[in-house]
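# Topology and contacts: notes
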Amino acid sequence: MELRHLRYFVVTAEAQHFTRAAERLGMAQPPLSQQIRQLEQEVGTPLFDRTGRGVVLNDAGHAFLACAQDILQRAQAAVQTAQRAARGEVGELTLGFTESASFNGVVTELIRQYRQQYPDVEMTLSQGDSESLVAQLREGAIDAAFVRPPFALDGGLAFPQLAFTQLAEEPLVVALPLGHALARRKRLAPKDLTQERFILYSRKSGYGLSADIMAACRQHGLNPLIGQRAPQLSSAVNLVAAGMGVAVVPASLRHLRPDGVVYRPFALDWPRAVLGLAIRGNTPGGRVENLLRLAKGASR
């Protein structure tokens, strides 16, 4: 028994006439009659009572009609669901993000747009540092991630088997304890921080924004004094509030304003705090492709 047999049966039941049903189906009447008889043989009982004017459903036919219509509707629903999944309109998207990404307006707006355009996609968020998120991405544990380059991958600064779309490039600011003497200045240069202890949020690999900041300071004649190491950016800012030192962070973290912290622009042309969306480069799938399309629009 095939779906076409059920379709032939339903149309014939609605038309109550083989010739009219055949016209609706775009086929000749004799083959239709033959297909209906084959269906009845497979079911094991007649489904129609034949009359001189056409056909009418008998009790078995009425019972079979309800089931046949349900099967056809469910088959059509399955086709539509598969098509929606191919277009990325349903399913689940596991999205990683760094803590600092949650403070960036481009990222929050991108997530809002995605949820608005694809409400039937269940979004699962996973927070972590950029290095661990890239590792999860390459392993297939997550579908995409908002991360900050650079990374130490395969011995170089690259994204093997990954695609990266830059969303934002932020200047750097210096987080200072409230009441610090340098807070009276509108802008700070590396030489102004000669006597300060830095709070770092460096990665295990030694690569990353924090390492680039240290390298840039050395290029400007400042050999930073390392006071503390924090696991993430917000922790670094909280340690600044506790008077443990100063921290150089992306400008978007100015939205994180714990008591006892002030921010001042840092006079460095390089590095800049880059933030973007990383995905696997090999056939990401409809849901990720839709996110990437929105990300490219945001980057423009």
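What comes next concerns the included structure. (Residues numbered from 1 in each chain as written. Predicted model: local features only at pLDDT ≥ 70, side-chain atom pairs only at ≥ 80, totals over all residues. Heavy atoms only, no water.)

## Things to note about the sheet that holds strand β12 (residues 273-280)
Pairing is mixed in the open sheet, where five strands are placed in the order β4-β3-β5-β12-β6. Edge positions in the sheet fall to β4 (121-127) and β6 (162-170), since each has one partner strand and no second. Adjacent strand axes in the sheet meet at a mean angle of 20 degrees when their direction is disregarded. Of the strand pairs in this sheet, strand β5 (residues 144-147) and β12 are connected by four bridges, and their pairing is antiparallel. Across the sheet, the residue bridging to Ala-145 is Ala-278, located in β12. (Pairing = 2+ DSSP bridges. Helix = DSSP H or I, 4+ residues; strand = E, 2+ residues; numbered from the N terminus. Axes fitted to C-alpha atoms, helices over the stretch in contact; angles between N-to-C directions.)

## Section: helix α5 (residues 105-117)
Over its 13 residues, α5 runs 18 Å from end to end, which matches the ideal 18 Å to within 8%, given 1.5 Å per residue. Three or more residues of α5 are buried, namely Val-107, Leu-110, Ile-111 and Tyr-114. Projected down its long axis, α5 shows its buried positions confined to an angular sector of 95 degrees, all on one face. The secondary structure elements touched by the buried residues of α5 are β3 (91-97), β4, β5, β6, β12 and α9 (286-299). At the N-terminal end of α5, a side-chain oxygen is found 2.9 Å from the backbone nitrogen of Val-106, two or three residues along, and the residue is Asn-104. (Expected span 1.5 Å × (residues − 1). Buried < 20%, exposed > 50% of the residue type's maximum accessible area, 1.4 Å probe, protein only. Arc of directions from axis to C-beta. Contact = heavy atoms within 4.5 Å. Polar contact = N/O pair within 3.5 Å; in protein donor to acceptor, adjacent residues only side chain to side chain.)

## Remarks on the side chain of Ser-234
Secondary-structure assignment places Ser-234 in helix α8 (residues 233-241). Exposure remark for Ser-234: the relative accessible area of 9% places this residue in the buried category.

## With respect to the nonpolar core
Ranked by size, the top nonpolar core spans 37 residues in total, and within it Val-174, Leu-176, Leu-193, Ile-213, Val-249, Tyr-263 and Phe-266 carry the most contacts. When residues of this core are traced back to their parent elements, those giving at least two are β7 (172-177), β8 (197-200), α7 (209-219), α8, β10 (247-250) and β11 (261-265). Once you skip the residues sitting within four places of it in the chain, Leu-193 turns out to touch Val-174, Leu-182, Leu-188, Phe-198, Leu-222 and Phe-266. Grouped together as the second largest cluster of nonpolar side chains are 22 residues, Ala-101, Tyr-118, Met-123 and Leu-275 included. (Core = buried A, V, L, I, M, F, W, Y, C linked by side-chain atoms within 4.5 Å.)

## Quick word on the pairing of β5
Covered by surrounding structure in β5 are Ala-144 and Phe-146 together with Ala-145 and Val-147, the residues of both alternating faces. The sheet contact formed by β3 and β5 spans three bridges and is parallel. The residue of β5 that forms the bridge with Gly-96 is Ala-145.

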